[in-house]
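If you want the building blocks of each chain, they are given just below.
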Amino acid sequence: MLLCIDCGNTNTVFSIWDGTSFIATWRTSTEHQRTADQYYVWLSTLMNFQKIEADITEVIISSTVPRVVFNLRVFSDRYFNCRPLVVGKPECRLPVDVRVDAGTQVGPDRLVNTVAGFNKYGGDLIVVDFGTATTFDVVDTDGAYVGGVIAPGVNLSLQALHEAAAALPHVDVTKPARVVGTNTVACMQSGVFWGYVGLVNGVCARIKEERARPMKVISTGGLAPLFQQGDALFDHFEDDLTMHGLTVIHQYNKELGSS
Ligand SMILES: Nc1ncnc2c1ncn2[C@@H]1O[C@H](COP(=O)(O)OP(=O)(O)O)[C@@H](O)[C@H]1O
Ligand SMILES: CC(C)(COP(=O)(O)O)[C@@H](O)C(=O)NCCC(=O)O
Ligand SMILES: [K+]
């Protein structure tokens, strides 16, 4: 079976793919100090607890944090006896083109989202990923990644407000009942929630205008469900878009290898 690892700046998600569906998914915080042995203790404990008997023989990794890749490679080699496929490395081929400025390092998560979005919905897409950063990935008619937008993440904005202003508390993001807040927390939640609704609407409208064609907007990432609440920002919401993309890229490389 295939172990898919999606490492973001905040969380790392592990999913086991049996060739047809994901049989288990677990999330841990991203820490570059974590060793191969620590990953295994954590993963095997959860597998035993849930009585998941998976014979993992292949591993694919996408990581926005370059430093964690070393230990994940050792983890894969030591415990599953395999060399992982790492998105963004030359040996990992992509089924789509990447058309950006020469020398630019595109976040692997954005490439994986592009592949997944194109595989599910075809071309002319905007994939909005609400992770540590809020990213917009623009997918061309032929599936190519052609750039996008990087905005500060939702929680990052709230955290920055709290850290920079002595009188502003730490608050969790939520959809406020009204736009006009009547206390500090409600004002901050409104600023971030409605600010992001405006940001997403505005950026998507400008992308569509710049490209002069209709495009589907797909949302994913930890905080995407929050923005799904009734504001018609997106055409589709995908809970596990990045994981789906990892399985597509893995399959593509396997077929290339055997042909
Ligand atoms: N279900 C959730 N509810 C609220 N916040 C969440 C949830 N899942 C993730 N988050 C928060 O959303 C942000 C992005 O999470 P995630 O998508 O895992 O980021 P990344 O992929 O960059 O690691 C983080 O600040 C995380 O704490
Ligand atoms: C923009 C990102 C920080 C988003 O990371 P995430 O929110 O998923 O942790 C990541 O995709 C990245 O480091 N990108 C490199 C620059 C680029 O994509 O152009
Ligand atoms: K992101």
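Residues numbered from 1 in each chain as written. Chains lettered and ligands numbered in written order. Predicted model: local features only at pLDDT ≥ 70, side-chain atom pairs only at ≥ 80, totals over all residues. Heavy atoms only, no water.

Here's the deal with the pattern of salt bridges
Phase 1: Taken as a whole and judged by the stated rule, the model has twelve salt bridges.
Phase 2: Where salt bridges share partners, they join D97, R99, D124, D140, D142, R211 and R213 into one cluster. (Salt bridge = Lys/Arg side-chain N within 4 Å of Asp/Glu carboxyl O.)

Let's talk about the sheet that holds strand 3 (residues 22–29)
Phase 1: What the five strands build is an open sheet, ordered 3-2-1-4-5; its pairing is mixed. The sheet is open, and its two borders are formed by strand 3 and strand 5 (85–86), each paired with just one other strand.
Phase 2: Here strand 2 (residues 11–17) runs beside strand 3; their pairing, made up of seven bridges, is antiparallel. Bridge assignment links I16 to a residue of strand 3, and that residue is A24. (Pairing = 2+ DSSP bridges. Helix = DSSP H or I, 4+ residues; strand = E, 2+ residues; numbered from the N terminus.)

Let's talk about the packing of aromatic side chains
Any pair of aromatic rings gets described here by the distance separating the centres and the angle formed by the planes.
Phase 1: Under the definition given, this model contains 14 aromatic pairs.
Phase 2: On the numbers, 4.8 Å between centres and 55° between planes, the contact of W17 with F22 is tilted.
Phase 3: For the pair F130 and F227, a centre-to-centre distance of 4.8 Å together with 5° between the ring planes defines the contact as stacked. Taken together, the residues span a long stretch of sequence, with F130 in strand 6 (residues 125–130) and F227 in helix 6 (residues 224–227) at a distance of 97 residues.
Phase 4: On the basis of relative accessible area, F130 is assigned to the buried category, the value being 1%.
Phase 5: You can call F227 buried: its relative accessible area is 1%.
Phase 6: Each member of the aromatic cluster is reached from another via a ring pair, and the members are F14, Y39, Y40, W42, F75, Y79 and F80. (Phe/Tyr/Trp six-rings, centres within 6.5 Å; stacked < 30°, edge-to-face > 60°. Buried < 20%, exposed > 50% of the residue type's maximum accessible area, 1.4 Å probe, protein only.)

Examining the pairing of strand 1 (residues 2–7)
Phase 1: Counting buried residues along strand 1, six of its six residues qualify, which places the element largely inside the surrounding structure.
Phase 2: What you see with strand 1 is no split at all: L2, C4 and D6 on one side and L3, I5 and C7 on the other are buried throughout.
Phase 3: Bridge count between strand 1 and strand 2: six bridges; the pairing is antiparallel. The partner of C4 across the bridge, within strand 2, is S15.
Phase 4: Where strand 1 folds back on strand 2, the antiparallel hairpin that results is connected by three residues.
Phase 5: Here strand 1 runs beside strand 4 (residues 58–63); their pairing, made up of six bridges, is parallel.

Remarks on helix 4 (residues 154–164)
Phase 1: Considered for burial, the residues of helix 4 that qualify are V154, S157 and L158. Each buried residue of helix 4 sits inside an arc of 95° when the element is viewed along its axis, so together they form one side. Opposite the packed face of helix 4, turned more than 90 degrees from it, sit the exposed residues E163 and A164. (Arc of directions from axis to C-beta.)

As for the nonpolar core
Phase 1: Counting 26 residues, the largest nonpolar core has I126, V128, F130, F136, V154, F227 and F234 as the members making the most contacts within it.
Phase 2: Going through the elements one at a time, strand 6, strand 7 (133–139), helix 4, helix 5 (184–211) and helix 6 are the ones with two or more residues in this core.
Phase 3: Once you skip the residues sitting within four places of it in the chain, F130 turns out to touch V154, V200, S219, T220, G221, G222, L223, A224, F227 and F234.
Phase 4: Grouped together as the second largest cluster of nonpolar side chains are 24 residues, I56, F75, F80 and C82 included. (Core = buried A, V, L, I, M, F, W, Y, C linked by side-chain atoms within 4.5 Å. Contact = heavy atoms within 4.5 Å.)

Topic: the UniProt feature "active site" (unreviewed entry) in the protein chain
Phase 1: As recorded in UniProt, the feature "active site" (unreviewed entry) lies at D109.
Phase 2: Note on D109: relative accessible area 15%, which makes it buried.
Phase 3: Aside from chain neighbours lying at most four places away, what touches D109 is S62 and T64. (UniProt positions renumbered as here; feature names shortened; annotations may be inferred.)

With respect to the site of ligand 2
Phase 1: With respect to spatial proximity, 13 residues lie near ligand 2, and among them N9, G107, D109, R110 and A133 are the closest.
Phase 2: At a separation of 3.1 Å, an oxygen atom of ligand 2 approaches a polar backbone atom of T132.
Phase 3: One of the backbone N or O atoms of A133 is found 2.9 Å from an oxygen atom in ligand 2.
Phase 4: In the complex, the protein chains occlude 76% of the 470 Å² of accessible area that ligand 2 would expose alone. (Near = heavy atom within 4 Å. Polar contact = N/O pair within 3.5 Å; in protein donor to acceptor, adjacent residues only side chain to side chain. Areas by Shrake-Rupley, 256 points an atom, 1.4 Å probe, with all protein chains shown as cover.)

Side note on the environment of L223
Phase 1: With respect to the helices and strands, L223 occurs in the loop between strand 9 (216–220) and helix 6.
Phase 2: Owing to a relative accessible area of 17%, L223 belongs among the buried residues under this scheme.
Phase 3: Remark: the alpha-carbon pair of L223 and S62, spanning 161 residues in sequence, is separated by 19 Å.
Phase 4: Residues contacting L223, with those up to four places away along its chain left out, are F130, V154, N155 and V173.

Notes on the UniProt feature "binding site: substrate" (unreviewed entry) in the protein chain
Phase 1: UniProt annotation of "binding site: substrate" (unreviewed entry) refers to G107, P108, D109, R110 and T184 when read in the numbering used here. An extended arrangement is adopted by the annotated residues: their sequence extent is 78 residues, and the largest C-alpha distance between any two is 37.8 Å.
Phase 2: Within the secondary structure layout, D109 lies in helix 3 (residues 108–121).
Phase 3: Structurally, R110 can be placed in helix 3.
Phase 4: With relative accessibility at 8%, the residue R110 sits in the buried group.
Phase 5: When neighbours within four sequence positions are excluded, R110 is seen to be in contact with T135, F136, D137, Y145, G148, V149 and I150.

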